[in-house]
Amino acid sequence: MPDWNIMLSKVAFIGTGGTIASLGKDQFDLLDYNASNQRVDAASLIEHARIQGKIAEIIPINFREIDSTALTNEDWAELAEVCFGLMEDPDLAGIVIGHGTASLEETAWVLSLVLKAKKPVILTGSMRPLTGISTDAHANLAAAVRVASTSSITGVLVVVNDEIHSPRLVTKTHTLRVGAFQSPWAGPVGYVDGPFVRMSKSDNAPQSVFPHLLLRSLPRVDITYSHIGADGTAARAFAAAGAKGIVSAGFGPGMGTPAETAALRDLIEAGLVVVQSSRTGSGLIVDSAQHRQLGIIAGGDIGPEKARILLALCLARGDSRDDIERLFLSL
Ligand code: ASP
């Protein structure tokens, strides 16, 4: 039993599922554990990691036990509502969210855009299942709880593999390695070394720009992926399916093939909003003369998945194309 007489901070742990909550068939099942489709809830995960009462008093909140590829806009809306509710509790130092790594960066980004987080809201996951040999689930959960108990930290952050990342640039860069989460070319904004939590840079994610209720009415926005031979069929099909916006994950400098560009120009004329991003995984799309002539909005350093979320939130709010451009250029 933990010794509650030691004054520990209180941290809520919201379980959503993912590999961090997954049970494999045995300790060597590091790759195929999704086949068993068995995940534990928040309370069992804390019990498994044996950290209750050691770093903080952890309040488990069972939310979902799903693979993060199955999350929906409604799940995001509900998760934001749960976070808002918890942030009202004056006794709570912070919130940790256990999440699948597949879409962790998207949820971190969306929460950073809608939460007025005056406390730390820390997303974590693991690359190896809870039951796997040398699992990173326990260590990542413990590090996330440490960051969430740190009073000088506020806002949405990602903690994986002893690193603290900003939701703006963090991305999963490897399918398997425990060091998969990186902020390419920018690096982490802080570290967790044993009990020491240290921020090395300030977080540059825009925090709480949108009302969270917009998550319940996001319009369709799709991503097209450029490659030699891409002919714009994807963009036209997305528009036909009802997309109000398109994010182009273009070639490195931020452009598609001539045929894709022609398709995007037609769609802009038809009233869609198009944001140019890049398939390279890092770097800046600058507001070039070519983009301006076409009416394409330069996505800056926001990657395609995150540009898609930002564009959808802007459209849900009723922003004009020019408002959206101003927002992207100001980030
Ligand atoms: N399948 C997992 C997910 O829920 C992947 C992971 O968590 O590593 O995203």
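Coordinates for the structure precede this section.
The shown structure was predicted, so the numbers you read here are calculated from the model rather than taken from an experiment. (Residues numbered from 1 in each chain as written. Predicted model: local features only at pLDDT ≥ 70, side-chain atom pairs only at ≥ 80, totals over all residues. Heavy atoms only, no water.)

Caption draft 1: Structural detail: the overall build of the protein. Secondary structure summary: the protein contains 9 helices and 14 strands in total. Here the C-alpha radius of gyration of the protein, 20 Å, is about what a compact globule of 331 residues would show, namely 20 Å. For the protein, the spread of C-alpha atoms along the principal axes amounts to about 65 × 40 × 35 Å. For the protein, with 331 residues in total, the buried portion stands at 52%. Look at the contacts in the protein between residues 6 or more apart in sequence, and 73% of them connect residues 24 or more apart. Here the protein displays about 14,300 Å² of accessible surface, and carbon together with sulfur accounts for 53% of that area. Taken together, the 28 basic and 35 acidic charged side chains of the protein have centroids lying 3 Å from each other. (Helix = DSSP H or I, 4+ residues; strand = E, 2+ residues; numbered from the N terminus. Rg over C-alpha atoms; globule rule 2.2 N^0.38 Å. Buried < 20%, exposed > 50% of the residue type's maximum accessible area, 1.4 Å probe, protein only. Contact = heavy atoms within 4.5 Å. Areas by Shrake-Rupley, 256 points an atom, 1.4 Å probe, with all protein chains shown as cover. Lys, Arg positive; Asp, Glu negative; His and termini not counted. Charge placed at Lys NZ, Arg CZ, Asp CG, Glu CD.)

Caption draft 2: Seen up close, the site of the ligand. The local shell around the ligand consists of G18, T19, N34, D67, S68, G100, T101, A102 and S126. In this structure, T101 approaches the ligand through a side-chain N or O atom, which is 2.4 Å from an oxygen atom. When atom positions are compared with the pocket grids, the ligand is found to occupy the second largest pocket. Residues belonging to the shell around the ligand are distributed by class as follows: 1 nonpolar, 7 polar and 1 charged. (Near = heavy atom within 4 Å. Polar contact = N/O pair within 3.5 Å; in protein donor to acceptor, adjacent residues only side chain to side chain. 1 Å grid on protein atoms, 1.4 Å probe; cavity = no way out; pocket = protein on both sides within 12 Å on 5 of 7 lines; lining within 4 Å. Sits in = over half its atoms within 2 Å of the grid points. Nonpolar A, V, L, I, M, F, W, Y, C, P; charged D, E, K, R; others polar.)

Caption draft 3: Structural view of the pattern of salt bridges. According to the stated counting rule, one finds 13 salt bridges in the structure shown. The salt bridge partner of R236 is D266, with a shortest N-O separation of 3.1 Å. Placement of R236 in helix α5 (residues 233-240) and of D266 in helix α6 (residues 258-269) is noted, with a sequence separation of 30 residues between them. On the basis of relative accessible area, D266 is assigned to the partly exposed category, the value being 33%. (Salt bridge = Lys/Arg side-chain N within 4 Å of Asp/Glu carboxyl O.)

Caption draft 4: The pairing of strand β10 (residues 196-199), seen in detail. Note that strand β9 (residues 190-193) and β10 share 4 bridges and pair antiparallel. Within β10, the residue paired with Y191 across the bridge is R198. (Pairing = 2+ DSSP bridges.)

Caption draft 5: A look at the sheet that holds strand β14 (residues 297-298). Spatially, β11-β12-β13-β14 is the arrangement adopted by the 4 strands of the open sheet, whose pairing is parallel. Because the sheet does not close on itself, it has two edges, and the strands there are β11 (221-225) and β14. Sheet contacts for α6: β11, β12 (245-250) and β13 (273-278); angle to β12, the most-contacted strand, approximately 160°. (Axes fitted to C-alpha atoms, helices over the stretch in contact; angles between N-to-C directions.)

Caption draft 6: The packing of aromatic side chains, seen in detail. Under the defined criterion, the tally for this structure stands at 0 aromatic pairs. Here R64 stacks its cationic end above the ring of F63, 4.1 Å away from the centre of that ring. (Phe/Tyr/Trp six-rings, centres within 6.5 Å; stacked < 30°, edge-to-face > 60°. Lys NZ or Arg CZ within 6 Å of the ring centre and 35° of its normal.)

Caption draft 7: Molecular detail of the side chain of T16. Tracing the sequence through the fold places T16 in strand β1 (residues 10-17). Of note is the side chain of T16, whose polar atom sits 2.6 Å from the backbone oxygen of G98.

Caption draft 8: Structural detail: the sheet that holds strand β6 (residues 163-165). With mixed pairing, 8 strands are arranged side by side in an open sheet as β2-β1-β3-β4-β5-β6-β9-β10. Each edge of the sheet is formed by a strand with only one pairing partner; in this case those strands are β2 (57-66) and β10. Neighbour to neighbour, the strand axes of the sheet diverge by 20° on average, direction disregarded. Sheet analysis places strand β5 (residues 155-160) next to β6, joined by 3 bridges and oriented antiparallel.

Caption draft 9: Fine view of the environment of L71. Mapped onto the fold, L71 is located in the loop between β2 and α2 (73-87). Along the sequence, L71 and V82 sit 11 residues apart, while their C-alpha atoms lie 15 Å from each other.

Caption draft 10: Quick peek at helix α1 (residues 42-49). Here α1 has its buried residues at A42, L45, I46 and A49. One face of α1 carries all of its buried residues, which in axial projection span an arc of 100°. Buried-residue contacts for α1 involve β1, β2 and α4 (137-148). Of the residues one or two after α1, R50 is the one with positive phi, at around 50°. (Arc of directions from axis to C-beta.)

Caption draft 11: Quick look at the pairing of β11. Pairing of β11 with β12, which is carried by 5 bridges, proceeds in the parallel orientation. The residue of β12 that forms the bridge with D222 is I246. Once you follow β11 into α5 and on to β12, the crossover reads as right-handed. (Right-handed = clockwise from strand over helix to strand, strands pointing away.)

Caption draft 12: How the structure looks around unusual backbone geometry. With a phi angle near 55°, N37 is a residue other than glycine that sits in the positive phi range. Checked against the element boundaries, N37 lands in the loop between β1 and α1. Since its relative accessible area comes to 51%, N37 is described here as exposed. Even without being a glycine, R50 presents a positive backbone phi close to 50°. For R50, a relative accessible area of 67% corresponds to the exposed category.

Caption draft 13: Structural detail: the packing of α5 against α6. Between α5 and α6, the shortest axis-to-axis distance is 8 Å and the interhelical angle comes to 25°. On the basis of their axis angle, the class for α5 and α6 is roughly parallel. In contact with A235, R236 and A239 of α5, α6 contributes A262, A263, L264, D266 and L267. Each residue belonging to the contact of α5 with α6 can be placed in one class, and the counts come to 6 nonpolar, no polar and 2 charged. (Parallel < 35°, antiparallel > 145°, perpendicular 65-115°, else oblique.)

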